[in-house]
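Spelled out, the chains give:
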Amino acid sequence: MAEARPSYPEPNDGLAVYVHWPFCLAKCPYCDFNSHVRDDVDDLRWRRALCAEINHVAVEAGKRTVGSIFFGGGTPSLMAPETVAAVIDQVGQVWNLAADAEITLEANPTSVEAGRFAAYRAAGVNRLSLGVQSLDDAALGFLGRQHSAGQARAALDIARRTFPRFSFDLIYARPDQSIAAWRRELADALELAGEHISLYQLTIEKGTPFYALMREGALKPPAEPAAAELFTVVGLFNLLLFIEKGVFMSLSVEREDLEQ
Ligand SMILES: C[S@@+](CC[C@H](N)C(=O)[O-])C[C@H]1O[C@@H](n2cnc3c(N)ncnc32)[C@H](O)[C@@H]1O
Ligand code: SF4
């Protein structure tokens, strides 16, 4: 049987490019993304490999106009800014990179990474997506994050001053999260918001430490209808965004039934 080939858009369609950086400082106990902790990432080798991959895809996809590039992870804010610049440059070499292309990079808000934001901007990134996850230190500890709420606020401040556009992620439906606490957190988020916020319901993924803890009974995510109630608060939040900021901001809302 013929091997299945990747399908590319029709020749005149625009192209969106996704670049995955599969490394993190530490593995968060809820995360089942393709992300790995390594001390010795050879950035130069990855730079060459990513550019070679872009050349290869260009042969398959043909001449296109690229409307967006997204650096996702893992933690792309661990990439050398020179690698980010080289990838953007390579995309521009093999395709027509639209003058108004959106170039997003996912970042974690440790102070070291926030120190690199200006270099990413200089490399051509014009939108930052920040993994804040929570504005509460205890919740960040529970989620195994490497940053505090203060560091997240500081990183948001730098993002606001550095990039034309930025967004951030929060994880809700954490064990014991009350409606009142979630409302407070959303009100804080409202103060800090740029043009987009992504709100993800905590999903317990098979194979993660959180999954093992849930099976042992040591971690109890909110059951329905508590999770549904937390989700309802998100609708109210959207309305608040409209009333307080005068614009309708897009929200990504993921709501899944938790596997018990
Ligand atoms: C590719 S991930 C990570 C980006 C970045 N490394 C970080 O952690 O900030 C994108 C987003 O997915 C969300 N996410 C990942 N695993 C999740 C889970 N099990 N449940 C809910 N949200 C999750 C987090 O909000 C995270 O910011
Ligand atoms: S949530 Fe982000 S930082 Fe944490 S392990 Fe997953 S990709 Fe890495």
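Residues numbered from 1 in each chain as written. Chains lettered and ligands numbered in written order. Predicted model: local features only at pLDDT ≥ 70, side-chain atom pairs only at ≥ 80, totals over all residues.

Comments concerning the overall build of the chain
Next, step 1: A count of helical and extended segments in the chain gives nine helices and seven strands.
Next, step 2: The buried share among the 260 residues of the chain stands at 33%.
Next, step 3: Relative to all contacts within the chain whose residues are 6 or more apart in sequence, the contacts with residues 24 or more apart total 78%. (Helix = DSSP H or I, 4+ residues; strand = E, 2+ residues; numbered from the N terminus. Buried ≥ 20, exposed ≤ 12 C-beta atoms within 10 Å, placed from the backbone. Contact = placed C-beta atoms within 7 Å.)

Side note on the environment of Ser111
Next, step 1: In this fold, Ser111 is placed in helix α3 (residues 111–114).
Next, step 2: Residue Ser111 is classed as partly exposed on the basis of its 13 C-beta neighbours within 10 Å.
Next, step 3: Not counting chain neighbours up to four residues away, the residues in contact with Ser111 comprise Gln151 and Ala154.

Description of the site of ligand 1
Next, step 1: Inspection of the region around ligand 1 gives 16 residues, with Tyr30, Gly131, Asp169, Tyr200 and Thr203 positioned closest.
Next, step 2: Among the secondary structure elements, those contributing two or more residues to the shell around ligand 1 are β2 (65–73), β4 (127–133) and β5 (165–172).
Next, step 3: Along the lines of polarity and charge, the residues of the shell around ligand 1 split into six nonpolar, seven polar and three charged. (Near = placed C-beta within 6 Å. Nonpolar A, V, L, I, M, F, W, Y, C, P; charged D, E, K, R; others polar.)

A short note on the packing of helix α1 (residues 43–61) against helix α2 (residues 81–94)
Next, step 1: Where α1 meets α2, the closest approach of the two axes is 10 Å, and the angle between their N-to-C directions is 15°. Compared by their axis directions, α1 and α2 come out roughly parallel. Crossing of α1 against α2: the hand is right-handed. Residues Asp43, Trp46, Arg47, Leu50, Cys51, Ile54, Asn55 and Ala58 of α1 lie in contact with α2, whose contacting residues are Thr83, Ala86, Val87, Gln90, Val91 and Val94.
Next, step 2: In terms of residue class, the contact of α1 with α2 is built from nine nonpolar, three polar and two charged. (Axes fitted to C-alpha atoms, helices over the stretch in contact; angles between N-to-C directions. Parallel < 35°, antiparallel > 145°, perpendicular 65-115°, else oblique. Left-handed = near helix turned anticlockwise from the far one by under 90°.)

Regarding the confidence of the model for the chain
Next, step 1: The pLDDT averaged across the chain works out to 88; a share of 88% of its residues lies at or above 70.
Next, step 2: Averaged pLDDT values for the elements of the chain fall to 61 in strand β7 (residues 250–254) and rise to 98 in α2. (pLDDT = per-residue confidence, 0-100.)

Quick look at the site of ligand 2
Next, step 1: Taken together, Cys24, Lys27, Cys28, Cys31, Phe33, Ser35, Gly73, Gly74, Thr75, Asn108 and Gly131 make up the full set of residues near ligand 2.
Next, step 2: By residue class, the composition of the shell around ligand 2 is four nonpolar, six polar and one charged.

Examining the pairing of β4
Next, step 1: With respect to burial, β4 is a largely interior element, seven of its seven residues being buried.
Next, step 2: By the alternation rule, side chains of β4 split into Arg127, Ser129, Gly131 and Gln133 and Leu128, Leu130 and Val132, which are all buried.
Next, step 3: Judged from the four bridges that link them, strand β3 (residues 96–107) and β4 form a sheet pairing that is parallel. Residue Ala107 lies in a different strand from β4, and its bridge partner there is Leu130. (Pairing = 2+ DSSP bridges.)

A short note on the nonpolar core
Here is a general trend for soluble globular proteins: nonpolar side chains tend to be buried in one another's company.
Next, step 1: Of all hydrophobic cores here, the largest spans 56 residues; its most connected members are Val84, Leu128, Leu130, Ala159 and Tyr172.
Next, step 2: Counting residues per element, this core draws most heavily on helix α6 (residues 149–162), at six residues. (Core = buried A, V, L, I, M, F, W, Y, C linked by C-beta atoms within 7 Å.)

Quick look at α2
Next, step 1: Between its terminal C-alpha atoms α2 stretches 20 Å, which fits the 20 Å expected from 14 residues at 1.5 Å a residue.
Next, step 2: Here α2 has its buried residues at Thr83, Val84, Ala86, Val87, Ile88, Gln90 and Val91.
Next, step 3: Where the residues of α2 are buried, they touch β1 (15–21), α1, β2, β3 and α4 (117–123). (Expected span 1.5 Å × (residues − 1).)

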